[in-house]
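# Remarks on the overall topology
Chain by chain, the residues:
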Amino acid sequence: MARPTDVSVPPRRFHDEPLVLILRHLKSTLDGAGAVRIEVPDPDLGRGCYPGERVGPGGGLVHRPLRSWCDLAEGLACRLLTPRGVDDTHVSLTFEPLGPEAPWHAGGSGPDDATSPQERYGADSAFSRVRKLEDAGFLCPWLEALGRVRLPEGARVLDLGVNRGDELAAFAWLEGAPDVTFVGVDHSASALAEARARFPDARHSFLVADLNALPEGLGRFHLVVSVGTLQSPGVDDHALLRTLVQEHLEPEATLVLGFPNSRFRDGEVVYGARVRNLREPDLSLLVKDLSFYRRYLHQHGFRTFLGGKYDLLLTAVRGPGQSSA
């Protein structure tokens, strides 16, 4: 829903000033302001130029691409509104401070936090509004990761933390996708009800279960995927990884594991994992987890590839056609 933007300070016009001066202006003006508008050289004037190159009439303007302004807004915890043309050389940019982080990051599920822990990510939670695969920062890396997977006909795929099945839907978008069966596991009964309605065919089955105690008779799989789930509070991810490798993988198998490297805030995704009680992103725990996973998987005959952006995606392959480490 659109909301009014309170711009209380007249826009300042910039030409060739260093970016650090623009940053300082925004920081000082945003303090207590609803939003700040500035006028900057039109990024389209510098197509093919690098940030900082001179463009425009007489080379009197400094080029910065739109992506750079998006990054600046993110660094200031702001939303960058759609640029508006001012004249032949400048556009107007509005920086609007973001609201609070999504409630599930703090252990809640919504404004009233009235649902059970099992339904924190359920059908009626604040999280249910998120459609990751409608964001290119999630979609492109996910399709790239799936493109490395080679599954035989009749393969079995396990999705841990499947929720409503967004990641499973992406399999149908792949060219030449084999005929496989899917098993999804999640602790939210309401999310799985959505998944069953979405995938009513016999190739899909969904189980309500705790990831720390996977159902007996689950069997073995050619592919296991889990995105943004293994690092959830209460999940013993190291024990779960060992259980998967030792009990639930075929000799030739693949894992695609997603590690959150972002947070959601006021409808926006903000890059960078963050440790609780710290304002700034801190990737140290993420790097530690990834080091453990890669080391353990290498010890068990896998080769790995790490990609992704907002979710770092670790692809591990064991058997013929392995990906490059």
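These numbers come from a predicted model, not from an experiment.

## Some details on a nonpolar patch on the surface
- On the surface, a nonpolar cluster with roughly 250 Å² of combined accessible area is contributed by Y271, L283 and V287.
- Position of L283 relative to the elements: it lies in the loop between β14 (268-271) and α7 (284-299).
- In this structure L283 comes out as partly exposed when scored by relative accessible area, which is 34%.

## A few points about the packing of helix α1 (residues 19-30) against helix α2 (residues 66-75)
- Between α1 and α2, whose axes approach to 11 Å, the crossing angle comes to 40 degrees. The orientation of α1 with respect to α2, classified from their angle, is oblique. Helix-helix and strand crossings are classified by hand; for α1 and α2 the assignment is right-handed. Facing L19, I22, L23 and L26 of α1, the residues of α2 in contact are S68, W69 and L72.
- Looking at the contact of α1 with α2, its residues break down into six nonpolar, one polar and no charged.

## Regarding the packing of helix α6 (residues 237-247) against α7
- Relative to each other, α6 and α7 sit at 20 degrees, their axes nearing to 12 Å. Looking at the two axes, α6 sits roughly parallel to α7. Viewed along their axes, α6 and α7 form a crossing whose handedness is right-handed. Between α6 and α7, the contacting residues are D237, H238, L241, R242, V245 and Q246 on the first element and D289, F292, Y293, Y296 and L297 on the second.
- A breakdown of the residues in the contact of α6 with α7 according to their chemical character gives six nonpolar, two polar and three charged.

## What to know about the environment of L244
- Relative to the elements of secondary structure, L244 occurs in helix α6.
- Considered as a pair, L244 and F221 are 23 residues apart in the sequence and their alpha carbons are 9.3 Å apart.
- Once you skip the residues sitting within four places of it in the chain, L244 turns out to touch L158, L160, L214, V224 and L249.

## Quick notes on unusual backbone geometry
- With a phi angle near 60 degrees, A77 is a residue other than glycine that sits in the positive phi range.
- For A77, the position within the fold is in the loop between α2 and β5 (78-80).
- Owing to a relative accessible area of 25%, A77 belongs among the partly exposed residues under this scheme.

## Observations regarding helix α5 (residues 189-198)
- Buried residues of α5: A191, L192 and A195, and no others. One side of α5 carries all its buried residues, which in axial view fall inside an arc of 95 degrees.
- Considering only its buried residues, α5 is in contact with β9 (181-186) and β10 (204-208).

## A word on the confidence of the model for the protein
- Summary statistics for the protein give a mean pLDDT of 90 and a share of 90% for residues scoring 70 or more.
- Taken together, the stretch residues 321-325 has pLDDT below 50 and engages in twelve contacts with residues farther than four places along the chain or on a different chain.

## Things to note about the environment of P83
- Along the chain, P83 turns up in the loop between β5 and β6 (84-85).
- Classification of P83 as partly exposed rests on a relative accessible area of 31%.
- Residues P83 and T94, spaced eleven residues apart in sequence, show a C-alpha to C-alpha distance of 7.4 Å.
- Once residues within four sequence positions are removed from consideration, P83 is found in contact with L66, S92 and L93.

## With respect to the pairing of strand β7 (residues 90-97)
- Most of β7 is tucked away, with seven of its eight residues classed as buried.
- Bridging between β5 and β7 involves three bridges; their strand directions are antiparallel. Directly across from C78, in β7, lies its bridge partner P97.
- Pairing analysis gives two bridges linking β6 to β7, with the strands arranged antiparallel.

## Considerations on the pairing of strand β16 (residues 311-318)
- With eight of eight residues buried, β16 lies mostly within the body of the structure.
- Taking every second residue as pointing to the same face, both faces of β16 are buried, with D311, L313, T315 and V317 on one and L312, L314, A316 and R318 on the other.
- In the sheet, strand β12 (residues 249-260) pairs with β16 via eight bridges, with the strands oriented antiparallel. Bridge pairing links F259 to L312 in β16.
- Summarising the sheet, strand β15 (residues 303-308) and β16 pair through six bridges and their orientation is antiparallel. Bridge pairing in β16 links G307 to L313.
- If you look at the hairpin formed by β15 and β16, you'll find two residues sitting between the two strands.

What counts and how
Residues numbered from 1 in each chain as written. Predicted model: local features only at pLDDT ≥ 70, side-chain atom pairs only at ≥ 80, totals over all residues. Heavy atoms only, no water. Patch = residues over 30% accessible without salt bridge, like charges linked within 9 Å, V, L, I, M, F, W, Y side chains within 5 Å. Areas by Shrake-Rupley, 256 points an atom, 1.4 Å probe, with all protein chains shown as cover. Salt bridge = Lys/Arg side-chain N within 4 Å of Asp/Glu carboxyl O. Helix = DSSP H or I, 4+ residues; strand = E, 2+ residues; numbered from the N terminus. Buried < 20%, exposed > 50% of the residue type's maximum accessible area, 1.4 Å probe, protein only. Axes fitted to C-alpha atoms, helices over the stretch in contact; angles between N-to-C directions. Parallel < 35°, antiparallel > 145°, perpendicular 65-115°, else oblique. Left-handed = near helix turned anticlockwise from the far one by under 90°. Contact = heavy atoms within 4.5 Å. Nonpolar A, V, L, I, M, F, W, Y, C, P; charged D, E, K, R; others polar. Arc of directions from axis to C-beta. pLDDT = per-residue confidence, 0-100. Pairing = 2+ DSSP bridges.

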